[in-house]
Amino acid sequence: MAEDALIVGSGPSGVSAAHALLERGRRVLMLDVGVTLEPENDARARRMGAVDPDAWSADDRRSALAPAPEGDAGMRPYGSDFARRDVVGFFAGGAPADVALRPSFARGGLSNGWGSAVAPYRIEDLGDWPARARDLAPHYAAVSRFMPISARKDDLAEALPMWSPEGSHDLPSSPQARALLDRLGRRKDALVRAGVVFGKARQAVRSGCRQCQMCLRGCPYRLIYSAAHSLDALLAHPNFRYRAGCVVEAFSETPEGVTVAMRSAAARESIAARRLFIATGVLPTARLILGSIAKPSAALTLKDSQHALTPLLHAFSPPRGLANAPQHTLTQIFLELLSADAPCAHVQIYTYNDDYEKDLKARFGPAAGALSPLIGVISRRLLVAQIFLHSDLSGSMTLSLGPGGALDIRANANPATAPAMAATIARLRRALSPAGVAALPFLARHGAIGSSFHCGGSLPMRDAPSGLETDILGRPAGLSRVHVVDASVLPSIPATTITFSVMANAHRIAMSAPD
Ligand SMILES: Cc1cc2nc3c(=O)[nH]c(=O)nc-3n(C[C@H](O)[C@H](O)[C@H](O)COP(=O)(O)OP(=O)(O)OC[C@H]3O[C@@H](n4cnc5c(N)ncnc54)[C@H](O)[C@@H]3O)c2cc1C
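Let us look at the structure shown here.

Parameters at a glance
- Residues numbered from 1 in each chain as written.
- Predicted model: local features only at pLDDT ≥ 70, side-chain atom pairs only at ≥ 80, totals over all residues.
- Heavy atoms only, no water.
- Helix = DSSP H or I, 4+ residues; strand = E, 2+ residues; numbered from the N terminus.
- Rg over C-alpha atoms; globule rule 2.2 N^0.38 Å.
- Buried < 20%, exposed > 50% of the residue type's maximum accessible area, 1.4 Å probe, protein only.
- Contact = heavy atoms within 4.5 Å.
- Areas by Shrake-Rupley, 256 points an atom, 1.4 Å probe, with all protein chains shown as cover.
- Lys, Arg positive; Asp, Glu negative; His and termini not counted.
- Charge placed at Lys NZ, Arg CZ, Asp CG, Glu CD.
- 1 Å grid on protein atoms, 1.4 Å probe; cavity = no way out; pocket = protein on both sides within 12 Å on 5 of 7 lines; lining within 4 Å.
- Points joined across faces, edges and corners; volume = space filled by probe spheres on them.
- Near = heavy atom within 4 Å.
- Polar contact = N/O pair within 3.5 Å; in protein donor to acceptor, adjacent residues only side chain to side chain.
- Nonpolar A, V, L, I, M, F, W, Y, C, P; charged D, E, K, R; others polar.
- Pairing = 2+ DSSP bridges.
- Axes fitted to C-alpha atoms, helices over the stretch in contact; angles between N-to-C directions.

**Details of the overall build of the protein chain**
Then comes step 1: A tally of regular secondary structure across the protein chain gives 13 helices and 18 strands.
Then comes step 2: Since a compact globule built from 515 residues should have a radius of gyration of about 24 Å, the 23 Å found for the protein chain is in line with a globular shape.
Then comes step 3: If you line up the protein chain on its principal axes, its C-alpha atoms span 70 × 55 × 50 Å.
Then comes step 4: Across the 515 residues of the protein chain, 56% fall into the buried class.
Then comes step 5: Here the contacts in the protein chain between residues at least 6 apart in sequence split such that 74% fall between residues at least 24 apart.
Then comes step 6: Accessible area of the protein chain: about 20800 Å², with a carbon and sulfur share of 54%.
Then comes step 7: Counting 55 positive and 46 negative side-chain charges, the protein chain places the averaged centre of each group 3 Å from the other.

Take a look at the structure:
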């Protein structure tokens, strides 16, 4: 018997669609490649997560803090590359050198090792979205009922509504973040006049943080949200089934339903359903769409929200014992740089983590030994601002199918990016300087196109879609039973964080899709 709904992918967009469909009483089968963490890394995280940080064994601590292998600069939650390992031969001809974006084939997708910063899009940033898709409000609220969010009601709430249900908790700020928030607060009026709104960062994290500084290496207490947590909960639902080890390769639509062609270790097979929801992340989704319904010569334009990392130095004294102080190492402060004539820029400020000293030593090379005391002092006054630009001010990627059906990705620079980033860093510098924080733009690291992983818009939703555009239910023009629910369908990529909005939009589409 055909399924009510097939969802392909178990990342944030897939689990959001599943929540909505189950709420509507649908029977859901989720197909996924579903790579998981290696048993030895999982066992170590479980051992560490079962006790307080001061009871961790020296061996476990050492392995958890081990540096990445030479040449591997990507995310490594729990010491593993499982979240971005190409187990399906996606880049059989070699990964593109000039584009940093990568697909995930993991159970829970890229959310296994993300920064977990969550903010909704500002309503002003959705001007080019089709009318009804702009109404994400009830869906942000629905997502925040299954994705835990740490948030404090502060001045940010006006620009970035909270959407968290009552009783959301508040992750403790680090000592440096408390000092900086206090200093910014003292000149709030001047900042508001300059179009700068700031507040405590919001993260998708459960309460109970042990402040063990391991966030960026994989929380041993599994408090940082992963879509895999939602999947674990969904498995208890009687109408939900999950199959890992499935690589979906193509789909076709008939008047009665949809059929997907997939391969698993056992065989190639076809599965029929009344509706299909594609949540495979922007690169695999592009390949599925191009390979299933597009002309061989078709190409898609994938938008990026480009980012840069700018070091900041604070003049005020660092708190005593900062390196060993209990603190989390996720982003601590959000700043929104608003403007009447340009899209808003989003800034995330990170405070101390023990990588700063290692990075500085690497930068100073052979002189690092002699400069060690100075490096120690600098690393305790160092903050990092991660700046994101709107997709209108960022580069893009052209996606097409190459020989053998492999996805070909080409980066396209945008001449507006460098001046926009320079102007944003200058604004940030003016905003932070009176609070005793100096921005060091000459040391900024500018992310390559796609390296923010805040990418989408290759199949943009439109009121009147044509070609490979989609309608407000994520359906490519001409199809009625196939819904794309990941970031591919966002018409633009505003600078604030992407995933909360992708999840809200996936939930909206699955809630509104016809029977
Ligand atoms: C280092 C890093 C930090 C990040 N930090 C943030 C942040 O702080 N805030 C934020 O908002 N966003 C952040 N992101 C982005 C965020 O992780 C993604 O936006 C989000 O995971 C996208 O969710 P998704 O469900 O669309 O796709 P994915 O997470 O990519 O999931 C794709 C799913 O599809 C499955 N799949 C793929 N192809 C197939 C196939 N052919 N057949 C079957 N299954 C398939 C995979 O197994 C996987 O389950 C970060 C990303 C990275 C890499």
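Resuming the write-up.
**A look at empty space enclosed by the protein**
Then comes step 1: Scanning all chains against the criterion turns up 4 cavities of 30 Å³ or more.
Then comes step 2: The wall of the largest cavity is formed by 16 residues, among which Cys209, Arg210, Cys215, Cys219 and Leu223 lie closest to the centre.

**Concerning the site of the ligand**
Then comes step 1: Around the ligand sit 34 residues, and of these Ser13, Asp32, Ala106, Leu110 and Thr499 come closest.
Then comes step 2: Within the backbone of Ala106, a nitrogen or oxygen atom sits 2.8 Å from an oxygen atom of the ligand.
Then comes step 3: At 3.3 Å, a backbone N or O of Ile498 approaches an oxygen atom of the ligand.
Then comes step 4: Protein burial of the ligand: of its 1000 Å² of free accessible surface, 91% is covered by the chains.
Then comes step 5: Secondary structure elements with two or more residues in the shell around the ligand: helix H1 (12-23) and strand E5 (247-253).
Then comes step 6: Residues belonging to the shell around the ligand are distributed by class as follows: 16 nonpolar, 16 polar and 2 charged.

**Considerations on the sheet that holds strand E13 (residues 396-401)**
Then comes step 1: As summarised here, the arrangement of the 4 strands in space is E14-E13-E8-E17, forming an open sheet in which the pairing is antiparallel. Unpaired on one side and paired on the other, strand E14 (407-412) and strand E17 (455-456) mark the two borders of the sheet.
Then comes step 2: Judged from the 2 bridges that link them, strand E8 (residues 299-304) and E17 form a sheet pairing that is antiparallel. Within E17, the residue paired with Lys303 across the bridge is Gly456.
Then comes step 3: Contacts from helix H9 (residues 282-292) reach E8, E13, E14 and E17, with the element oriented near 40° to E13.

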